[in-house]
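# Structural features, examined
The primary structure of each chain is shown beneath.
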Amino acid sequence: MTASNPAVGRPAGPKPSLRRRGSRGSILADHAATVALWGTGVLVLVILGAIILHFALAAWGVVSPSFILGDPSRTTLGGVLPILWNSIYILVLTMLIAVPLGILAGIYMSEYAGDNIATTAIRFAEESISSVPSIVVGLFGLILFVDDFHWGFSALGGSLALTFFNLPLMTRLAEQALRAVPQEERSASLALGATKWQTIRHVVLPLAIPGLITGVILTAGRVFGEAAVLLFTSGVGTPQHYNFLNFDLTSVASPWSPFRPATTLSVYIWNLNSEGLGAFKTQIIDGSAAILIAIVLIFNLGARFIGRVLTRRLTAA
Amino acid sequence: MAQMATADRLTGLRARPGLLERIDVPRRVMFVAAASMIAIVALLMGFIAWQGIQLFVKDGVSVGQILSTTWQPDPENGATNYGLLPFITATVLVTAVALLISTPLSVGLALFLSEVAPQWARAIVQPALEIFVGIPSVVWGWLGITTLVPFLAHTFHDPISLSLPIVGQVFSMPGFFFGYSWLAGSLVLSIMVLPTITSVSYDAFRAVPQELRTGSLALGTTRWQMIRHLLLPAALSGVLTAVVLGMTRAAGEALAVQMVIGNAPIMPEAITQPLTTLTSQITLDMGNTTFGSPWQDALWTMSLVLLIISVTSVVLVRVINKRRLGA
């Protein structure tokens, strides 16, 4: 073995560390590995940059106020307003159900769950739902809501199926946010004579708010783009025009009704692509995909930003 | 609900009279919220299993026929045969190739983030990965159609690359090649599972105690020797878990694969062939078949197969992790 002096033949770095000692071969391997590992990081950034650039270019000249606020058309470029509306509608409806349920379940798993059979069963269920393919969750919604409940394709059925699919994620993120609260805070509160629930309500939850909000936004991002769950629950079709002044919730024509078929942006992309019809198919899909990516970016950056601001505010107070 | 709350209040009063705050209604409510996941999964499994066995029970199709290679579900085209083997094989192979591409890359990325990257690099790459997770599968599929598929079609029509000794044989393709293929499906999937495998492996590497690293480096190993001989073995079960989770995601992904794989229900022979996976066939046919027909029942059987794959992987992850805890 040729022992080499770490200080010889090396550029004077700030920290000639011990790990550089070894045979020339192992040092070469070490350098090669370092380069390769940096390469993976660079690759991810390059791919992401290329994707964003690709859609920015593809959406150029397609996405405009009239595309976002217009009705779909068979003969012209048209717009995506009813479909975008459906995406937002289903997102809001899903989050209204999934967030309270997920946070409650998250509190239970973080603060109460003991080492017993019920906890094991809940964890197993959590992992199982997370691993069930989204299309199978959609099929479950098809049997339950469309067929058994006789709702047909409906925004509510889609939202409930999405809730099923995302409840484990919301629960896990909520649990993580709560577990991140230092144990001392709980002990101090309990030592002052507060009950467990008072401790959770007035001490743990406020401290966990930044994490909870991040969790909500990350879940929202996933709900917004999901298509396979919705394909067979909220339906595939192209709504032509919505009258937003129709507030009759029992009417399937009202865009406010939860019991109407509601094609979302992701489902719309899939459907346009499979039907393969229309002169402006490519442009419409590019535009819709660009809107989806933009919203995903906003959700992600928003989650980070809000989380950071809230943490700073709460820790400074 | 109201009845339950009342009952709780009564028992609470009996146990600790006067201490209303000790009744712990919140605890019960939260337990119900958490336990609702058990109900969801039980219902889901029950319904899918029930629908999935109809092909055998109601339509009298034998298990042997399921395991045959011919998919001819339409009675109008003559005698039907519900062979699911093409879909199962395709799912396995498309997933396997996706993992072969993705695992080294993802584990490398996890090592980069946990061992090599300075703080600023991690602060850029980690958010980028989160954005990867957020990109909807239809968008991945559409990206595949607009960029990857034409690229593959162009590359493998190129006579120079086909005349190369090994490349030409591996990628040989009869007749026309439009790029929609097993390879396209695997490539799209490999990017889609990258964040999953990376983040789970990253957690596994972070969980290895810092003392082991410093101990190894103090003995004079290089960082790469430390990673290879200490970190990878120590985090092996975590990395395996990551690969299994990636596998589950890849096998269950429906729309992106359906968009690029070409949708041909045949047995896989070459990586440039169009194929159909379980998920993509369900996606394609479920809307066009009548409820209760043997054709649709076969689709339900496929979803039961998918469900079995995913439950198996959950159990597998548990076994892998139990071994780690036991050791």
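Note that residues are indexed from 1 along each chain, following the sequence as it is written. The order in which chains are written sets their letters, starting at A; the order in which ligands are written sets their numbers, starting at 1. Note on the predicted model: pLDDT of at least 70 is required for a residue's local features to be given, and 80 or more for side-chain atom pairs to be given and counted; whole-chain, interface and lining totals, by contrast, use all residues. Side-chain calculation: all heavy atoms of the structure are included, whereas hydrogens and water are not.

## Brief notes about the packing of aromatic side chains
All names here are of chain A. Our working definition: Only Phe, Tyr and Trp rings are paired, with Trp represented by its six-membered ring, and only when their centres lie within 6.5 Å; those with planes under 30 degrees apart are stacked, over 60 edge-to-face, the remainder tilted. Runs of H or I in DSSP of at least four residues are treated as helices and runs of E of at least two as strands, each being numbered from the N terminus. Burial here depends on accessible area, computed with a 1.4 Å probe over protein chains only, as a share of the maximum for the residue type. Under 20% is buried, over 50% is exposed, and the range in between is partly exposed.
Evaluation of the coordinates by the stated rule reveals 20 aromatic pairs over all chains. Ring geometry for F140 versus F164: centroids 5.7 Å apart, planes at 35°, classification tilted. Pair noted here: F140 is in helix α5 (residues 134-148) and F164 is in helix α6 (residues 155-179), with a separation of 24 residues, a long-range link. For the pair F140 and F164, one class covers both residues: buried.

## Thoughts on the confidence of the model for chain B
Residues and elements named next belong to chain B. Here is the rule: On a scale of 0 to 100, pLDDT captures the predictor's confidence in every residue.
This prediction gives chain B a mean pLDDT of 86; 85% of its residues lie at or above 70. Within chain B, the element-level pLDDT minimum falls on helix α1 (residues 2-15), averaging 50, and the maximum on helix α4 (residues 85-116), averaging 96. If you check the scores for this complex, the pTM reads 0.87 and the ipTM reads 0.87.

## Thoughts on the domain arrangement of chain A
Residue and element names in this part refer to chain A. Basically, it comes down to this: These domain boundaries are the output of an automatic or database domain assignment. Here a residue-residue contact requires only that any non-hydrogen atoms of the pair lie within 4.5 Å. Buried area is understood as the total, over both parts, of accessible area removed when two parts are fitted together, assessed with a 1.4 Å probe. Any Lys or Arg side-chain nitrogen located within 4 Å of an Asp or Glu carboxyl oxygen qualifies as a salt bridge. Two N or O atoms count as a polar contact when they lie within 3.5 Å, although within protein this holds only if one can serve as hydrogen donor and the other as acceptor, and sequence-adjacent residues are included solely when both atoms are side-chain atoms. For this classification, Asp, Glu, Lys and Arg are treated as charged, while Ala, Val, Leu, Ile, Met, Phe, Trp, Tyr, Cys and Pro are nonpolar and the rest, including Gly, are polar.
Domains assigned within chain A are domain 1 (25-58) and domain 2 (64-315). Placing the centre of domain 1 and that of domain 2 at their C-alpha centroids yields a distance of 32 Å. Each side of the interface is counted separately: domain 1 has four residues, and domain 2 has five residues. For domain 1, the biggest contributors to the area lost against domain 2 are I52, F55 and A58; these three give 91% of the whole. Counting every contact that joins domain 1 to domain 2 gives zero salt bridges. Joining domain 1 to domain 2, the criterion identifies zero residue pairs in polar contact (both at pLDDT 80 or more). Tallied by class, residues from the side of domain 1 that touches domain 2 come to four nonpolar, no polar and no charged.

## Topic: the interface of chain A and chain B
Opposite the 77 residues of chain A that make contact, chain B presents 80 residues. Regarding the contact of chain A and chain B, the summed buried area is about 7100 Å², with carbon and sulfur atoms giving 81% of it. Our count for the chain A to chain B interface comes out at two salt bridges. Here A:E127 makes a salt bridge to B:R318, at a shortest N to O gap of 3.1 Å.

## A few points about the pattern of salt bridges
All names here are of chain B. Going through the model one piece at a time under the given rule, you end up with 10 salt bridges over all chains. The residue D59 makes a salt bridge to K58 at a minimum N-O spacing of 3.4 Å. Exposure remark for D59: the relative accessible area of 24% places this residue in the partly exposed category. Owing to a relative accessible area of 46%, K58 belongs among the partly exposed residues under this scheme. Of the charged contacts, one joins K58 and D297 as a salt bridge, the two residues approaching to 3.0 Å between their closest N and O atoms. With K58 in the loop between α2 (25-57) and α3 (63-66) and D297 in helix α15 (residues 294-326), this residue pair connects regions lying 239 residues apart in the sequence. Overall, D297 belongs to the buried group, its relative accessible area being 2%.

## Overview of the environment of B:S137
Residue and element names in this part refer to chain B. Along the chain, S137 turns up in helix α6 (residues 137-155). Distance in space between the C-alpha atoms of S137 and L187 is 13 Å, their sequence separation being 50 residues. In this structure S137 touches M192, E253, L255 and A256, once residues within four positions along its chain are discounted.

## A few points about the side chain of A:N300
Considering the arrangement of structural elements, one finds A:N300 in helix α11 (residues 281-316). Owing to a relative accessible area of 8%, A:N300 belongs among the buried residues under this scheme. Excluding its chain neighbours within four sequence positions, the residues that come into contact with A:N300 are A:L218, B:E130 and B:I131.

## With respect to the confidence of the model for chain A
All names here are of chain A. Taken residue by residue, chain A gives an average pLDDT of 87. The fraction at 70 or more is 92%. Ranking the helices and strands of chain A by mean pLDDT puts α6 first, with 95, and α11 last, with 86. Counting interchain partners and residues more than four positions distant, the pLDDT-below-50 stretch residues 1-16 has 10 contacts.

## Points about helix α5 (residues 119-134) of chain B
Basically, it comes down to this: What a helix should span is 1.5 Å times the count of its residues minus one.
In a regular helix each residue adds 1.5 Å, so 16 residues correspond to 22 Å; α5(B) covers 23 Å between its end C-alpha atoms and thus fits that length. Among the residues of α5(B), B:A121, B:R122, B:V125, B:P127, B:A128, B:L129, B:I131, B:F132 and B:G134 are the ones counted as buried.

## Focus: the packing of helix α4 (residues 117-131) of chain A against α6(A)
Residues and elements named next belong to chain A. Counted only if it meets this: Fitting a line to C-alpha atoms yields each axis, with helices limited to the stretch in contact; the angle taken between N-to-C directions then spans 0 to 180 degrees. For classification purposes, angles smaller than 35 degrees are called roughly parallel, those larger than 145 roughly antiparallel, those between 65 and 115 roughly perpendicular, and all remaining angles oblique. The sense of a crossing depends on the near helix, which, turned anticlockwise from the far helix by less than a right angle, makes the crossing left-handed and, turned clockwise, makes it right-handed.
At a closest axis distance of 8 Å, the pairing of α4 and α6 adopts a crossing angle of 125°. The orientation of α4 with respect to α6, classified from their angle, is oblique. Crossing hand, α4 versus α6: left-handed. Note on element contacts: α6 touches α4 through F164, F165, P168, R172, E175 and R179, opposite R123, E126, I129 and S130.

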